[in-house]
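# Geometric and topological summary
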Amino acid sequence: MKLIDGKKQANDIKEKLKKEISTLKEQGVIPGLAIILVGHDPASEIYVKNKIKTCDELGICTLLYRFTKESSEKEIIAQIKDLNEDDGIDGILIQSPLPAIFNEDKIISYVDPKKDVDGFGINNLGALLSNNELIIAATPLGILKMLENESVSLEGKNVVVVGASRIVGRPMATLLLNRGATVTICHNKTKNLKGITSNADILIVAIGQAKFITSDFVKEGAVVIDVGINRIDNHLYGDVDFDSVSKKASLITPVPGGVGPMTIVMLLSNVVDVAKRRAK
């Protein structure tokens, strides 16, 4: 078994981004990210804080726009429209989840597709489905980079994705299909889950249930990617039971230190890519 060190890979990408940002600044372009945060969800506050910290480290300018649960959708959409027209802003991030009273899909739809660095808008998802990849959601993109860095071949491989969310499961499956993998998506209505996952050459798990995938779900020698982050008694656990599964996997991501660091850095890589297009 070998660990896939997401933290190290993320740090390597950060160094590359620093050089690219330095070059952009020499051309008079400072990458800019606008973050819209609605409400006071504790987890979202932490995620936003970490994103801003990493932006500061890399030299990306960040602007944080706060709205309360009492704010109207019209106010938020008006702010998005202003940011769409701001040439100094390369990326607009709507921090998810929004409070339940808001229509998240509707609000995201107002983000200019060229600035949709989360890749959640219908234009970028549609482009992905058409194998015309524009801006790709950060977590699936980070997983793809991790597999590439470990020289994991995808063509013809049997890949099972457990979890069908728009954020991870669906774009992940499409990315894999675009690269010639045979992909199965499982979800909470899937029957015989164990029978399906135990045939996977590559198993990607994003369901939000701590230690759900145990060794009997996993094929000997499989590559296992654990996207889950579950906090229990101030400890973080993945969706995969690491202790048992690591004995069968050839490659496995830890939690923490696996997919998480790659997600943030790939989001910021998307911002830099947009800034590079602006520089041209």
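Here, every reference points to the structure presented above.
Notes on the structure follow.

### Some thoughts on the overall build of the protein
What the protein contains, in helices and strands, is 10 helices and 11 strands. Per-residue burial for the protein yields a buried fraction of 48% across its 280 residues. Excluding contacts between residues fewer than 6 apart, the proportion of contacts in the protein whose partners are at least 24 apart in sequence is 71%. Accessible surface, the protein: about 13,500 Å² in total, of which carbon and sulfur atoms supply 51%. Considering the protein, the positive charge centre built from 35 side chains and the negative charge centre built from 35 side chains are found 2 Å apart.

### Some points on the environment of Phe 212
In this structure, Phe 212 sits in the loop between strand 7 (202-205) and strand 8 (223-226). Residue classification places Phe 212 among the partly exposed residues on the basis of a relative accessible area of 32%. Counting along the chain gives 25 residues from Phe 212 to Tyr 237, while the straight-line C-alpha distance between them is 10 Å. Beyond its immediate sequence surroundings of up to four residues, Phe 212 is in contact with Leu 193, Ile 207, Phe 217 and Asp 239.

### A word on the packing of helix 1 (residues 6-26) against helix 2 (residues 42-58)
Packed helices, taken two at a time, are described by their axes: the angle between them and the distance between them. Put simply, helix 1 and helix 2 touch, their axes get as near as 9 Å, and they point 55° apart. Judged by the inter-axis angle, helix 1 sits oblique to helix 2. On helix 2, the residues that touch Lys 14, Leu 17, Lys 18 and Ile 21 of helix 1 are Thr 54, Glu 57 and Leu 58. Residues that form the contact of helix 1 with helix 2 fall into these classes: three nonpolar, one polar and three charged.

### Concerning the packing of aromatic side chains
A full pass over the atoms with the stated rule returns one aromatic pair. For the pair Phe 212 and Phe 217, a centre-to-centre distance of 5.8 Å together with 50° between the ring planes defines the contact as tilted. Above the face of the Phe 217 ring, Lys 194 is positioned so that its terminal group lies 5.2 Å from the ring centre.

### With respect to helix 1
In an α-helix, one turn spans 3.6 residues; hence positions three or four apart end up facing the same way. Here helix 1 spans 30 Å end to end across 21 residues, near enough to the 30 Å set by a 1.5 Å rise per residue. Among all positions in helix 1, only Gly 6, Gln 9, Ala 10, Ile 13, Lys 14, Leu 17, Glu 20, Ile 21 and Leu 24 are buried. Considered in projection along helix 1, the buried side chains sweep an arc of 140° and stay on one side of the axis. Facing away from the buried side of helix 1 by over 90 degrees, the exposed positions are Lys 19 and Glu 26. Those residues of helix 1 that are buried are in contact with helix 2, helix 6 (138-149) and helix 10 (259-279). Where helix 1 starts, the residue carrying a side-chain oxygen 3.2 Å from the main-chain nitrogen of Lys 7 turns out to be Asp 5. Gly 28 sits one or two residues past helix 1 and shows a positive phi near 85°.

Rules behind the numbers
The written sequence of each chain sets the order in which its residues are numbered from 1. Totals for whole chains, interfaces and linings use every residue, but because this is a predicted model, local features are given only for residues with pLDDT of at least 70 and side-chain atom pairs only at 80 or more, for both listing and counting. Think of the side-chain values as coming from all heavy atoms in the structure, minus any hydrogens and water. The secondary structure listing takes helices from DSSP runs of H or I that are at least 4 residues long and strands from runs of E that are at least 2 residues long, numbered from the N terminus. Relative accessibility decides the category of a residue: with a 1.4 Å probe and only protein chains considered, values under 20% of the type maximum give buried, values over 50% give exposed, and everything between is partly exposed. The contact criterion used is simple: two residues touch if any of their non-hydrogen atoms lie within 4.5 Å. The Shrake-Rupley method, run with a 1.4 Å probe sphere, supplies the accessible areas, and residue values consider only the shown protein chains as cover. Under the counting rule used here, the positive set is Lys and Arg, the negative set is Asp and Glu, and His together with the chain ends is not counted. To locate a charge, take atom NZ for lysine, CZ for arginine, CG for aspartate or CD for glutamate. Axes, fitted as lines to C-alpha atoms, cover a helix only where it is in contact. Angles between the N-to-C directions of the axes lie from 0 to 180 degrees. Oblique is the label for any angle not covered by the other classes, which are roughly parallel (under 35 degrees), roughly antiparallel (over 145) and roughly perpendicular (65 to 115). Residues are sorted three ways: Asp, Glu, Lys and Arg are charged, Ala, Val, Leu, Ile, Met, Phe, Trp, Tyr, Cys and Pro are nonpolar, and all the rest, Gly among them, are polar. Classification of ring pairs rests on two measures: the distance between centres of Phe, Tyr or Trp rings, Trp counted by its six-membered ring, which must be within 6.5 Å, and the angle between planes, read as stacked under 30 degrees, edge-to-face over 60 and tilted in between. We call a charge positioned above a ring when the Lys NZ or Arg CZ atom is no farther than 6 Å from the ring centre and deviates by at most 35 degrees from the ring normal. By this rule the span expected of a helix is its residue count minus one, scaled by 1.5 Å. The arc in question is formed by the directions pointing from the helix axis toward the C-beta atoms. Two N or O atoms form a polar contact when they lie within 3.5 Å of each other; inside protein one atom must be a possible hydrogen donor and the other a possible acceptor, and for residues adjacent in sequence the pair counts only when both atoms belong to side chains.

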